[in-house]
Amino acid sequence: MVSARPGELDAWFKSLMVSSSSQRGQGETGGPLPTLSGWKDLPVELLLRIVSTVGDDRMVIVASGVCTGWRDALGWGVTRLSLSWCKQNMNSLMISLAHKFTKLQVLTLRQNNPQLEDSAVEAVANYCHDLRELDLSRSFRLSDRSLYALAHGCPRLTRLNISGCSNFSDTALTYLTCRCKNLKCLNLCGCVKAASDRALQAIAQNCGQLQSLNLGWCDEVTDKGVTSLAPGCPDLRAVDLCGCVLITDESVVALANGCPHLRSLGLYFCQNITDRAMYSLANSRVKSKRGRWDAVKDGLANLNISQCTALTPPAVQAVCDSFPALHTCPERHSLIISGCLSLTSVHCACALHPHRTGRALMPNHAY
């Protein structure tokens, strides 16, 4: 638990006051700054300015324990908080802080070692109703209780990272999407139980603003789920399907035709993908010229087809030719084809027009 040590606070206050005084020099009205006898006399406005300048979440927590005035001021003024530095007791720490920081909009609880439990997430949901962005990645101890709590307490969520939370079910995720309909970024990497076709259909039905979806290594996902995303989430810009071994060309065709703003697509180890998927991506640029977007500006800029061993050079070259933002150059490679020895002849536009990058002519291979 983080506690406020008087000696630490005194030293912190003195150093910050010297820094603040040297930067500001005079008060807002042009006169000298008021004389402060101690850190408890610090005006709320100056406290918030200092805290935002320091950028140390640990010191924010220490400061919130000084007095009720500081606690209330920080509770109203602090909108971003990260506890990822906490190596132990994160759960009890979050429970003790949730009621203090009720105006949080961004909360990061990423862990290297699993500490967080449902009780902490429930505390967040009970007090932090304005929360917009939440990172719970690698929270292996969490259960469906957490998703149900967030669904009720944090309906304004726009970004949610639950990658590695392997205990969540698709029932709980489906329920969450019914309540949190403003989601724009959702990371489900490794959520094998939660990321089912049923859950993807619920996402398509409820989260029409979704722009980024990570389904990496959710190996139960099939074309049925992915194809439902295209009509339901047409604003998708980044989709990661790496390791989704059951999907076929149907998924890529649906995304190519239904998501005109797609910028990044991950298909690593999707070995059922064939040339048909590549030509559908290439042809999506031709269709776009008639209306909705500029492929040079908004088209594919990242494509990972590593280990997609059924692909042939002409099909992949067609994609590369259609989207100038895709690069095979060693310094800029955004077309990832490792593990596909047959594709080493594929080259980007830089090989033909080196002046576009200001560099010497690049060799016609991926690496």
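For the structure itself, consult the block above.
Bear in mind that the values here come from a model prediction, so they are computed numbers and not experimental data.

Trainee: I keep staring at the packing of aromatic side chains and nothing clicks. Help me out?
Mentor: In this description, a pair of aromatic rings is defined by centroid distance and the angle of the planes. Scanning all chains against the criterion turns up 3 aromatic pairs. Arranged with centres 5.2 Å apart and planes meeting at 65 degrees, the rings of Tyr-148 and Tyr-175 form a pair that is edge-to-face. Of this pair, Tyr-148 sits in helix α7 (residues 144-153) while Tyr-175 sits in helix α8 (residues 170-179), and the two are 27 residues apart along the sequence. A residue is classified by how much of its surface remains accessible, and Tyr-175, at 27% relative accessible area, is partly exposed. Arranged with centres 5.9 Å apart and planes meeting at 70 degrees, the rings of Trp-217 and Tyr-268 form a pair that is edge-to-face. On the criterion of sequence distance, the pair formed by Trp-217 in the loop between β6 (212-214) and α10 (223-232) and Tyr-268 in the loop between β8 (264-266) and α12 (275-288) is long-range, its members being 51 residues apart. By relative accessible area, Trp-217 is classed as partly exposed at 43%. Note on Tyr-268: relative accessible area 28%, which makes it partly exposed.

Trainee: Please clarify how the nonpolar core should be interpreted in this entry.
Mentor: In a soluble, globular protein the nonpolar side chains are often hidden away together inside. Counting residues in hydrophobic clusters, the biggest one holds 103 residues, and the most contacted among them are Leu-188, Leu-241, Leu-265, Leu-267, Met-278, Leu-303 and Ile-305. With residues near it in sequence (within four places) discarded, Leu-241 still touches Leu-215, Val-226, Ile-247, Leu-255, Leu-265, Gly-266, Leu-267 and Cys-270.

Trainee: Looking at this model, I keep getting lost on the environment of Gln-115. Mind explaining?
Mentor: By the secondary structure assignment, Gln-115 is in the loop between β2 (106-108) and α6 (118-127). Note on Gln-115: relative accessible area 10%, which makes it buried. In this structure, the C-alpha to C-alpha distance between Gln-115 and Met-90, residues 25 residues apart in sequence, is 6.1 Å. A polar contact is formed between the side chain of Gln-115 and the backbone oxygen of Cys-86, at a distance of 2.9 Å.

Trainee: I would appreciate a short explanation of helix α5 (residues 90-98) in the present structure.
Mentor: For an α-helix, the turn length of 3.6 residues means that residues three or four places apart are oriented alike. For α5, the tally of buried residues reaches 7 of 9 residues, placing the bulk of the element in the interior. Those residues of α5 not exposed but buried are Met-90, Asn-91, Leu-93, Met-94, Ser-96, Leu-97 and Ala-98. Lining the buried residues of α5 we find α3 (57-64), β1 (80-82), β2 and α6.

Trainee: Looking at this model, I keep getting lost on the packing of helix α9 (residues 197-206) against α10. Mind explaining?
Mentor: When two helices pack together, their arrangement is captured by the angle between the axes and the distance separating the axes. Put simply, α9 and α10 touch, their axes get as near as 8 Å, and they point 0 degrees apart. It follows from the interaxial angle that α9 and α10 lie roughly parallel. In contact with Asp-197, Leu-200, Gln-201, Ile-203 and Ala-204 of α9, α10 contributes Lys-224, Gly-225, Val-226, Ser-228, Leu-229 and Gly-232. A class-by-class count of the residues in the contact of α9 with α10 yields 5 nonpolar, 4 polar and 2 charged.

Trainee: Where do I start with the packing of α6 against α7 in this structure?
Mentor: One can describe the packing of α6 onto α7 by two numbers: an axis separation of 8 Å at closest approach and a directional angle of 5 degrees. With respect to α7, the element α6 is oriented roughly parallel. Across from Asp-118, Ser-119, Val-121, Glu-122 and Ala-125 in α6, the residues of α7 making contact are Arg-145, Ser-146, Ala-149, Leu-150 and Gly-153.

Trainee: Explain the pattern of salt bridges to me, please; I cannot follow it from the model alone.
Mentor: Pairing between side chains becomes possible if they bear opposite charge and their charged atoms approach one another. Inspection of every chain in the model, using the stated rule, returns 9 salt bridges. Linking Arg-237 and Asp-235 is a salt bridge whose minimum nitrogen-to-oxygen distance equals 2.5 Å. Judged by its relative accessible area of 31%, Arg-237 is partly exposed. Overall, Asp-235 belongs to the partly exposed group, its relative accessible area being 22%. Here the residues in one salt-bridge network are Lys-103, Asp-130 and Arg-156, joined through shared partners.

Trainee: Mind showing me how you'd approach the side chain of Asp-223 here?
Mentor: As for its placement among the helices and strands, Asp-223 is situated in helix α10. Despite being buried, Asp-223 has no salt bridge partner; Arg-276 is the closest side chain of opposite charge, sitting 7.8 Å away. Among the polar contacts made by the side chain of Asp-223, one reaches the side chain of Ser-251 at a distance of 2.5 Å. Excluding anything up to four places from it in sequence, Asp-223 contacts Ile-247, Thr-248, Glu-250 and Ser-251.

Trainee: Quick question: what am I supposed to make of the environment of Thr-227 here?
Mentor: With respect to the element layout, Thr-227 can be found in helix α10. Note on Thr-227: relative accessible area 28%, which makes it partly exposed. Here the alpha-carbon distance between Thr-227 and Leu-200, two residues 27 residues apart in the chain, equals 9.2 Å. Leave out the neighbours within four places in its chain, and Thr-227 touches Glu-250, Ser-251 and Ala-254.

Calculation criteria
Residues numbered from 1 in each chain as written. Predicted model: local features only at pLDDT ≥ 70, side-chain atom pairs only at ≥ 80, totals over all residues. Heavy atoms only, no water. Phe/Tyr/Trp six-rings, centres within 6.5 Å; stacked < 30°, edge-to-face > 60°. Helix = DSSP H or I, 4+ residues; strand = E, 2+ residues; numbered from the N terminus. Buried < 20%, exposed > 50% of the residue type's maximum accessible area, 1.4 Å probe, protein only. Core = buried A, V, L, I, M, F, W, Y, C linked by side-chain atoms within 4.5 Å. Contact = heavy atoms within 4.5 Å. Polar contact = N/O pair within 3.5 Å; in protein donor to acceptor, adjacent residues only side chain to side chain. Axes fitted to C-alpha atoms, helices over the stretch in contact; angles between N-to-C directions. Parallel < 35°, antiparallel > 145°, perpendicular 65-115°, else oblique. Nonpolar A, V, L, I, M, F, W, Y, C, P; charged D, E, K, R; others polar. Salt bridge = Lys/Arg side-chain N within 4 Å of Asp/Glu carboxyl O. Lys, Arg positive; Asp, Glu negative; His and termini not counted.

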